[in-house]
Amino acid sequence: MNTLLDTGLAVRGLRKSYGGREVLKGVDLTVAPGELVALLGANGSGKSTALRCVVGLAEADAGEIRVAGTSLRGLSGAELTRARRAAAMVFQQIHLVRRRSALDNVCAGGIAGLPLSRSLSPVLFPRELREHAMACLDRVGLADRAHDRAGSLSGGQQQRVAVARALCQGARVLLADEPVSALDPAAATQVMALLAELAHEDGLAVAVVLHQPELARLHADRLIGLIDGEIRLSTPAALLSEEDIAALYRGERG
Ligand SMILES: Nc1ncnc2c1ncn2[C@@H]1O[C@H](COP(=O)(O)OP(=O)(O)O)[C@@H](O)[C@H]1O
Ligand SMILES: [Mg+2]
(Lines give C-alpha, C1' and ligand atoms only; values in the text may rest on other atoms or scores of the structure.)
(Ligands and ions follow the chains in the order given, each with its own letter.)
Protein backbone atom coordinates (compact mmCIF):
# COMPACT_ATOMS: atom_id res chain seq x y z
CA MET A 1 0.00 0.00 0.00
CA ASN A 2 1.20 3.48 -0.83
CA THR A 3 2.27 5.03 2.46
CA LEU A 4 1.45 8.47 1.10
CA LEU A 5 -2.20 7.54 1.44
CA ASP A 6 -1.72 7.31 5.18
CA THR A 7 -1.19 11.03 5.32
CA GLY A 8 -2.82 13.83 3.40
CA LEU A 9 -6.45 13.12 2.60
CA ALA A 10 -7.92 9.74 1.72
CA VAL A 11 -11.64 9.35 1.11
CA ARG A 12 -13.11 5.96 0.26
CA GLY A 13 -16.62 5.08 -0.83
CA LEU A 14 -18.17 8.35 0.30
CA ARG A 15 -21.95 8.30 0.01
CA LYS A 16 -24.46 11.00 0.82
CA SER A 17 -28.16 11.39 0.09
CA TYR A 18 -30.44 14.35 0.51
CA GLY A 19 -34.15 13.66 0.60
CA GLY A 20 -33.74 10.20 -0.89
CA ARG A 21 -31.57 11.41 -3.75
CA GLU A 22 -28.00 10.18 -3.72
CA VAL A 23 -25.68 13.11 -4.45
CA LEU A 24 -22.43 11.25 -3.69
CA LYS A 25 -22.37 7.72 -5.05
CA GLY A 26 -19.24 6.20 -3.57
CA VAL A 27 -16.58 8.82 -4.09
CA ASP A 28 -12.90 7.88 -3.73
CA LEU A 29 -10.48 10.75 -3.46
CA THR A 30 -6.89 10.94 -2.32
CA VAL A 31 -4.70 13.98 -2.05
CA ALA A 32 -1.10 13.37 -1.08
CA PRO A 33 0.99 15.78 0.94
CA GLY A 34 2.67 18.11 -1.53
CA GLU A 35 -0.09 17.73 -4.10
CA LEU A 36 -2.66 20.20 -5.40
CA VAL A 37 -5.74 18.47 -6.76
CA ALA A 38 -8.43 20.43 -8.56
CA LEU A 39 -12.04 19.25 -8.38
CA LEU A 40 -14.05 20.06 -11.47
CA GLY A 41 -17.65 19.36 -12.32
CA ALA A 42 -20.98 20.93 -13.22
CA ASN A 43 -23.13 22.65 -10.63
CA GLY A 44 -24.79 20.06 -8.45
CA SER A 45 -22.27 17.31 -9.20
CA GLY A 46 -21.39 17.01 -5.51
CA LYS A 47 -18.07 18.85 -5.20
CA SER A 48 -19.02 20.96 -2.19
CA THR A 49 -20.80 18.10 -0.46
CA ALA A 50 -17.70 15.93 -0.72
CA LEU A 51 -15.50 18.59 0.88
CA ARG A 52 -18.14 19.45 3.47
CA CYS A 53 -18.23 15.81 4.59
CA VAL A 54 -14.49 15.91 5.22
CA VAL A 55 -14.64 18.91 7.55
CA GLY A 56 -17.91 17.86 9.19
CA LEU A 57 -20.22 20.47 7.70
CA ALA A 58 -22.19 17.56 6.23
CA GLU A 59 -22.47 14.06 7.59
CA ALA A 60 -21.60 11.23 5.24
CA ASP A 61 -24.00 8.27 5.07
CA ALA A 62 -21.19 5.84 4.33
CA GLY A 63 -17.53 5.72 3.51
CA GLU A 64 -14.23 6.29 5.21
CA ILE A 65 -12.37 9.55 5.59
CA ARG A 66 -8.74 9.68 6.69
CA VAL A 67 -7.24 13.05 7.51
CA ALA A 68 -3.48 13.32 8.02
CA GLY A 69 -3.26 9.63 8.74
CA THR A 70 -6.19 9.39 11.16
CA SER A 71 -9.41 7.67 10.17
CA LEU A 72 -12.47 9.60 11.35
CA ARG A 73 -14.47 6.36 11.47
CA GLY A 74 -15.65 5.58 14.96
CA LEU A 75 -14.37 8.83 16.45
CA SER A 76 -16.64 11.21 18.31
CA GLY A 77 -16.51 14.20 20.60
CA ALA A 78 -13.13 15.72 21.36
CA GLU A 79 -11.26 12.99 19.49
CA LEU A 80 -13.19 13.64 16.30
CA THR A 81 -12.74 17.40 16.68
CA ARG A 82 -9.00 16.97 17.14
CA ALA A 83 -8.65 14.68 14.12
CA ARG A 84 -10.72 17.06 11.99
CA ARG A 85 -8.61 20.05 12.91
CA ALA A 86 -5.92 18.69 10.61
CA ALA A 87 -8.22 19.72 7.76
CA ALA A 88 -9.46 23.24 7.14
CA MET A 89 -11.68 24.72 4.47
CA VAL A 90 -11.79 28.08 2.79
CA PHE A 91 -14.88 29.20 0.93
CA GLN A 92 -15.90 31.41 -1.95
CA GLN A 93 -17.81 33.57 0.51
CA ILE A 94 -15.01 34.71 2.78
CA HIS A 95 -15.92 34.31 6.44
CA LEU A 96 -13.86 36.88 8.31
CA VAL A 97 -14.86 39.18 11.13
CA ARG A 98 -14.60 42.31 9.05
CA ARG A 99 -14.24 44.79 11.88
CA ARG A 100 -11.39 42.94 13.53
CA SER A 101 -7.78 42.96 12.40
CA ALA A 102 -6.39 40.47 9.94
CA LEU A 103 -4.20 39.18 12.78
CA ASP A 104 -7.15 38.59 15.14
CA ASN A 105 -8.94 36.69 12.39
CA VAL A 106 -5.91 34.47 11.90
CA CYS A 107 -5.54 33.96 15.66
CA ALA A 108 -9.11 32.67 15.72
CA GLY A 109 -7.92 29.68 13.69
CA GLY A 110 -5.56 28.70 16.48
CA ILE A 111 -7.95 29.17 19.40
CA ALA A 112 -9.10 25.59 19.80
CA GLY A 113 -5.49 24.61 20.29
CA LEU A 114 -5.42 26.58 23.54
CA PRO A 115 -6.75 25.72 26.95
CA LEU A 116 -10.18 27.33 27.23
CA SER A 117 -9.14 29.75 29.96
CA ARG A 118 -6.66 31.35 27.63
CA SER A 119 -8.96 31.68 24.65
CA LEU A 120 -11.91 33.46 26.24
CA SER A 121 -11.02 36.99 25.27
CA PRO A 122 -10.21 37.51 21.62
CA VAL A 123 -8.70 40.87 22.56
CA LEU A 124 -6.07 39.14 24.60
CA PHE A 125 -4.81 36.35 22.41
CA PRO A 126 -1.68 35.00 24.10
CA ARG A 127 1.60 36.22 22.74
CA GLU A 128 2.70 32.83 21.38
CA LEU A 129 -0.54 32.54 19.40
CA ARG A 130 -0.15 36.05 18.02
CA GLU A 131 3.41 35.24 16.97
CA HIS A 132 2.31 32.06 15.27
CA ALA A 133 -0.54 33.92 13.55
CA MET A 134 1.91 36.58 12.41
CA ALA A 135 4.11 33.90 10.86
CA CYS A 136 1.05 32.51 9.06
CA LEU A 137 0.16 35.97 7.76
CA ASP A 138 3.75 36.36 6.60
CA ARG A 139 3.43 33.04 4.77
CA VAL A 140 0.55 34.42 2.73
CA GLY A 141 2.41 37.68 2.09
CA LEU A 142 0.30 39.88 4.37
CA ALA A 143 2.45 40.53 7.44
CA ASP A 144 2.37 44.23 6.64
CA ARG A 145 -1.44 44.26 6.79
CA ALA A 146 -1.71 42.40 10.11
CA HIS A 147 -3.25 45.30 12.00
CA ASP A 148 -5.62 46.48 9.29
CA ARG A 149 -9.29 45.67 9.68
CA ALA A 150 -10.10 42.57 7.64
CA GLY A 151 -12.97 44.44 6.00
CA SER A 152 -10.60 47.04 4.60
CA LEU A 153 -8.62 44.46 2.62
CA SER A 154 -9.28 43.54 -1.00
CA GLY A 155 -11.11 40.30 -1.82
CA GLY A 156 -7.89 38.55 -2.75
CA GLN A 157 -6.18 39.69 0.44
CA GLN A 158 -9.16 38.55 2.53
CA GLN A 159 -9.01 35.14 0.91
CA ARG A 160 -5.30 34.97 1.79
CA VAL A 161 -6.16 35.88 5.39
CA ALA A 162 -8.63 32.99 5.37
CA VAL A 163 -5.83 30.72 4.18
CA ALA A 164 -3.55 32.05 6.94
CA ARG A 165 -6.28 31.24 9.48
CA ALA A 166 -6.34 27.66 8.18
CA LEU A 167 -2.55 27.52 8.58
CA CYS A 168 -2.81 28.90 12.12
CA GLN A 169 -5.23 26.06 12.88
CA GLY A 170 -2.39 23.70 12.00
CA ALA A 171 -4.17 22.22 8.99
CA ARG A 172 -2.19 19.72 6.93
CA VAL A 173 -5.10 19.23 4.55
CA LEU A 174 -6.42 22.39 2.96
CA LEU A 175 -9.75 22.33 1.16
CA ALA A 176 -10.89 25.30 -0.87
CA ASP A 177 -14.40 25.51 -2.33
CA GLU A 178 -14.33 27.89 -5.28
CA PRO A 179 -11.86 30.15 -3.48
CA VAL A 180 -11.27 32.33 -6.51
CA SER A 181 -14.75 32.52 -8.05
CA ALA A 182 -15.40 35.96 -6.56
CA LEU A 183 -11.97 37.38 -7.37
CA ASP A 184 -10.65 39.30 -10.34
CA PRO A 185 -8.22 37.38 -12.56
CA ALA A 186 -5.04 38.84 -11.02
CA ALA A 187 -6.17 38.10 -7.46
CA ALA A 188 -7.38 34.65 -8.53
CA THR A 189 -3.96 33.83 -9.96
CA GLN A 190 -2.26 35.06 -6.80
CA VAL A 191 -4.47 32.91 -4.55
CA MET A 192 -4.00 29.86 -6.77
CA ALA A 193 -0.23 30.39 -6.79
CA LEU A 194 -0.30 30.58 -2.99
CA LEU A 195 -2.29 27.34 -2.70
CA ALA A 196 0.16 25.63 -5.07
CA GLU A 197 3.10 26.89 -2.98
CA LEU A 198 1.52 25.56 0.19
CA ALA A 199 1.31 22.17 -1.49
CA HIS A 200 4.65 22.11 -3.26
CA GLU A 201 6.84 23.95 -0.74
CA ASP A 202 5.13 23.34 2.60
CA GLY A 203 3.86 19.84 1.84
CA LEU A 204 0.18 20.40 2.52
CA ALA A 205 -2.41 18.25 0.78
CA VAL A 206 -4.57 20.77 -1.09
CA ALA A 207 -7.90 20.16 -2.85
CA VAL A 208 -9.49 23.05 -4.69
CA VAL A 209 -12.90 23.23 -6.35
CA LEU A 210 -12.54 25.32 -9.48
CA HIS A 211 -14.86 26.42 -12.21
CA GLN A 212 -12.04 27.54 -14.46
CA PRO A 213 -10.37 24.57 -16.22
CA GLU A 214 -7.59 26.94 -17.31
CA LEU A 215 -6.65 27.74 -13.72
CA ALA A 216 -6.78 24.05 -12.90
CA ARG A 217 -4.44 23.26 -15.78
CA LEU A 218 -2.03 25.98 -14.73
CA HIS A 219 -1.82 25.35 -11.00
CA ALA A 220 -3.02 21.84 -10.18
CA ASP A 221 -1.03 18.64 -10.36
CA ARG A 222 -4.03 16.40 -10.87
CA LEU A 223 -7.64 16.93 -11.83
CA ILE A 224 -10.63 15.05 -10.55
CA GLY A 225 -13.92 15.40 -12.38
CA LEU A 226 -17.29 14.68 -10.80
CA ILE A 227 -20.42 13.92 -12.79
CA ASP A 228 -23.61 13.44 -10.85
CA GLY A 229 -21.95 12.29 -7.63
CA GLU A 230 -19.39 10.01 -9.27
CA ILE A 231 -15.75 10.50 -10.12
CA ARG A 232 -15.58 10.20 -13.86
CA LEU A 233 -12.25 11.81 -14.60
CA SER A 234 -8.86 11.60 -12.94
CA THR A 235 -5.94 12.91 -14.91
CA PRO A 236 -2.64 14.72 -14.56
CA ALA A 237 -3.44 18.39 -15.09
CA ALA A 238 -1.22 18.58 -18.16
CA LEU A 239 -3.30 15.92 -19.93
CA LEU A 240 -6.73 17.54 -19.51
CA SER A 241 -8.34 17.61 -22.94
CA GLU A 242 -11.09 19.76 -24.38
CA GLU A 243 -13.22 16.59 -24.67
CA ASP A 244 -12.76 15.94 -20.95
CA ILE A 245 -13.99 19.45 -20.17
CA ALA A 246 -16.94 19.15 -22.54
CA ALA A 247 -17.94 15.81 -20.99
CA LEU A 248 -17.79 17.21 -17.46
CA TYR A 249 -20.07 20.12 -18.18
CA ARG A 250 -22.41 18.44 -20.69
CA GLY A 251 -24.92 17.22 -18.14
CA GLU A 252 -25.04 20.49 -16.18
CA ARG A 253 -27.77 20.47 -13.56
CA GLY A 254 -28.84 23.17 -11.19
N1 LIG B 1 -28.07 20.76 2.53
C2 LIG B 1 -28.61 20.25 1.43
N3 LIG B 1 -29.90 19.84 1.40
C4 LIG B 1 -30.44 19.29 0.30
N5 LIG B 1 -29.79 19.12 -0.86
C6 LIG B 1 -28.51 19.51 -0.91
C7 LIG B 1 -27.85 20.09 0.22
N8 LIG B 1 -26.57 20.36 -0.14
C9 LIG B 1 -26.44 19.99 -1.41
N10 LIG B 1 -27.60 19.47 -1.89
C11 LIG B 1 -27.81 18.95 -3.24
O12 LIG B 1 -26.78 18.02 -3.49
C13 LIG B 1 -26.35 18.13 -4.85
C14 LIG B 1 -24.87 18.39 -4.87
O15 LIG B 1 -24.65 19.71 -4.37
P16 LIG B 1 -23.21 20.33 -4.20
O17 LIG B 1 -22.35 19.38 -3.48
O18 LIG B 1 -23.40 21.68 -3.62
O19 LIG B 1 -22.72 20.44 -5.71
P20 LIG B 1 -21.58 21.30 -6.35
O21 LIG B 1 -20.75 21.88 -5.26
O22 LIG B 1 -20.84 20.35 -7.22
O23 LIG B 1 -22.27 22.37 -7.15
C24 LIG B 1 -27.19 19.23 -5.48
O25 LIG B 1 -28.25 18.64 -6.17
C26 LIG B 1 -27.68 20.01 -4.29
O27 LIG B 1 -28.91 20.62 -4.59
MG1 LIG C 1 -20.34 23.84 -4.76
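Remember, it's a predicted structure, so these values are computed and weren't measured experimentally.

It is worth spelling out the environment of alanine 60 at this point. Looking at the element boundaries, alanine 60 is found in the loop between helix 1 (47–55) and strand 4 (62–67). Relative accessible area serves as the criterion here: at 28%, alanine 60 is assigned to the partly exposed category. Sequence spacing of alanine 60 and aspartate 138 is 78 residues, and the spatial spacing of their C-alpha atoms is 36 Å. Not counting the four nearest positions on each side in its chain, alanine 60 is found in contact with Leu14, Arg15, Lys16 and Cys53.

In this section: the nonpolar core. Counting 54 residues, the largest nonpolar core has Leu137, Leu195 and Leu210 as the members making the most contacts within it. When residues in this core are grouped by element, the largest group, nine residues, is from helix 7 (residues 185–200). Inspection of this core shows a minimum of three residues originating in each of domain 1 (1–86 + 173–183 + 203–254) and domain 2 (92–170). Once residues lying within four places of it in the same chain are set aside, the contact partners of leucine 210 are Ala38, Leu39, Leu40, Val180, Met192, Leu215, Ala216 and Tyr249.

For the protein chain, the assigned domains read domain 1 (1–86 + 173–183 + 203–254) and domain 2 (92–170). The C-alpha centroid of domain 2 is placed 26 Å from the C-alpha centroid of domain 1. Contacts between domain 1 and domain 2 engage ten residues on the former and 13 residues on the latter. Carbon and sulfur atoms supply 55% of the area buried between domain 1 and domain 2, which totals about 830 Å² over both sides. Between the two partners, domain 1 and domain 2, sit zero salt bridges. Here domain 1 is connected to domain 2 by four residue pairs in polar contact (both at pLDDT 80 or more). Residue composition of the side of domain 1 that touches domain 2, by class: five nonpolar, one polar and four charged.

Among the secondary structure elements, glutamine 157 is positioned in helix 6 (residues 155–168). Since its relative accessible area comes to 17%, glutamine 157 is described here as buried. Setting aside its immediate chain neighbours within four residues, glutamine 157 contacts Leu142 and Arg145.

Mean pLDDT over the protein chain: 91, with 92% of residues reaching 70 or higher. Here residues 1–5 is a poorly scored stretch, pLDDT under 50, and it has six contacts once near neighbours within four places are set aside; other chains count.

One open sheet holds the four strands; their spatial order is 2-1-4-5, and the pairing between them is antiparallel. Either end of the sheet is taken by a strand with one partner, and the two such strands are strand 2 (21–31) and strand 5 (70–71). Taken together, the five bridges between strand 1 (residues 9–18) and strand 4 define a ladder with antiparallel strand orientation. Counted as the bridge partner of arginine 12 is glutamate 64 from strand 4.

In this section: the site of ligand 1. Around ligand 1 sit Tyr18, Arg21, Val23, Ala42, Asn43, Gly44, Ser45, Gly46, Lys47, Ser48 and Thr49, and those are all the residues in its vicinity. Arginine 21 is positioned with one of its side-chain polar atoms (N or O) 2.5 Å from an oxygen atom of ligand 1. Within the backbone of glycine 46, an N or O atom sits 3.0 Å from an oxygen atom of ligand 1. At the level of secondary structure, the elements contributing two or more residues to the shell around ligand 1 comprise strand 2 and helix 1. Examining the composition of the shell around ligand 1, we find that three residues originate from one element, helix 1, more than from any other. By residue class, the composition of the shell around ligand 1 is three nonpolar, six polar and two charged.

Parameters at a glance
Residues numbered from 1 in each chain as written. Chains lettered and ligands numbered in written order. Predicted model: local features only at pLDDT ≥ 70, side-chain atom pairs only at ≥ 80, totals over all residues. Heavy atoms only, no water. Helix = DSSP H or I, 4+ residues; strand = E, 2+ residues; numbered from the N terminus. Buried < 20%, exposed > 50% of the residue type's maximum accessible area, 1.4 Å probe, protein only. Contact = heavy atoms within 4.5 Å. Core = buried A, V, L, I, M, F, W, Y, C linked by side-chain atoms within 4.5 Å. Domains from an automatic or database assignment. Buried area = accessible area lost by both parts, 1.4 Å probe. Salt bridge = Lys/Arg side-chain N within 4 Å of Asp/Glu carboxyl O. Polar contact = N/O pair within 3.5 Å; in protein donor to acceptor, adjacent residues only side chain to side chain. Nonpolar A, V, L, I, M, F, W, Y, C, P; charged D, E, K, R; others polar. pLDDT = per-residue confidence, 0-100. Pairing = 2+ DSSP bridges. Near = heavy atom within 4 Å.

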